[in-house]
Amino acid sequence: MTNHIKHWMMQWNRFDQRLSHWLHLPQQALLLLLRLMLAWVFFKSGLLKWQSWDSTLELFAYEYAVPLLPPTLAACLGTAAELILPPLLALGILLRPVTLALFVFNAVAMLSYPDISPAGSKDHQLWGLGFIVLFFLGAGRFSLGHLMMQRHTQPHTQAHAQPISAKATS
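Each value, and the rule that gives it
- Residues numbered from 1 in each chain as written.
- Predicted model: local features only at pLDDT ≥ 70, side-chain atom pairs only at ≥ 80, totals over all residues.
- Heavy atoms only, no water.
- Core = buried A, V, L, I, M, F, W, Y, C linked by side-chain atoms within 4.5 Å.
- Buried < 20%, exposed > 50% of the residue type's maximum accessible area, 1.4 Å probe, protein only.
- Helix = DSSP H or I, 4+ residues; strand = E, 2+ residues; numbered from the N terminus.
- Contact = heavy atoms within 4.5 Å.
- Polar contact = N/O pair within 3.5 Å; in protein donor to acceptor, adjacent residues only side chain to side chain.
- Patch = residues over 30% accessible without salt bridge, like charges linked within 9 Å, V, L, I, M, F, W, Y side chains within 5 Å.
- Areas by Shrake-Rupley, 256 points an atom, 1.4 Å probe, with all protein chains shown as cover.
- Salt bridge = Lys/Arg side-chain N within 4 Å of Asp/Glu carboxyl O.

A. Just the nonpolar core, in detail. Leu38, Phe42, Leu89, Leu102, Trp127, Phe131 and Leu134 are the most contacted members of the largest nonpolar core, which has 18 residues in total. Listed by contribution, the elements that provide at least two residues to this core are helix H1 (2-51), helix H3 (71-91), helix H4 (95-112) and helix H5 (118-137). Counting residues per element, this core draws most heavily on H1, at six residues. If we ignore the near neighbours within four places in the chain, the residues touching Phe131 are Leu38, Phe42, Leu89, Thr99, Leu102, Phe103 and Asn106.

Below, the structure is given as structure tokens:
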């Protein structure tokens, strides 16, 4: 009986390794979709704040209870964060610091709005979970950050690796 279990476990491990190989590209696509979805949600919010600046200032003065910051500064920083960080997230550049900043931003937004609905609270929780996933898994292969890292860490060509004295004699 023990040999049957060992055999079954070995077969399962081989299958799981093949499955992991085949799922690699779909996993990378899902990381891209998650980055784009989260970036769009926060960028769209920043655009709305920018386009209706007077309303934004009113909301920060009378609705949002952002701790430790004056309302105008909180409005400026919040709008700037929502307009600057999402493009970096979408491109996968500086992903971990960006996701950490957006995670904290999202948590502060959720906690500082006293009248948030249960549905709004669930949205913020899901967005926070998405930031956690991206923080731990990274941007994935389909990102500018990954491309930049590959180009930066590629081994130098043979011509670049030769010492100066060897170049002079060739």
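B. Local environment of the side chain of Ser143. Relative to the assigned elements, Ser143 resides in the loop between H5 and helix H6 (144-153). A polar contact of 3.0 Å, which involves the side chain of Ser143, links it to the backbone nitrogen of His146.

C. Representation of a nonpolar patch on the surface. Residues Leu100, Phe103, Val104, Val108, Leu126, Leu129, Ile132, Val133, Phe135, Phe136 and Leu137 make up a contiguous nonpolar surface patch of about 970 Å² in total accessible area. For the nonpolar patch, the secondary-structure elements that each account for two or more residues are H4 and H5. The element contributing the most residues to the nonpolar patch is H5, with seven residues. Looking at the element boundaries, Leu100 is found in helix H4. We classify Leu100 as partly exposed; its relative accessible area is 48%.

D. The environment of Glu63, seen in detail. With respect to the helices and strands, Glu63 occurs in the loop between helix H2 (53-62) and H3. Among the residues examined, Glu63 registers a relative accessible area of 33% and is labelled partly exposed. When the C-alpha positions of Glu63 and Gln28 are compared, they lie 39 Å apart, and in sequence the two are 35 residues distant. Not counting residues up to four positions away in its chain, the partners in contact with Glu63 are Glu58, Ser112, Tyr113, Pro114 and Asp115.

E. Focus on the side chain of Glu82. Along the chain, Glu82 falls in helix H3. In terms of polar contacts, Glu82 uses its side chain to reach the side chain of Ser45, at 3.0 Å. For Glu82, the side chain forms a polar contact with the main-chain nitrogen of Gly46, separated by 3.4 Å. Aside from chain neighbours lying at most four places away, what touches Glu82 is Phe42, Phe43, Ser45, Gly46, Lys49 and Phe105.

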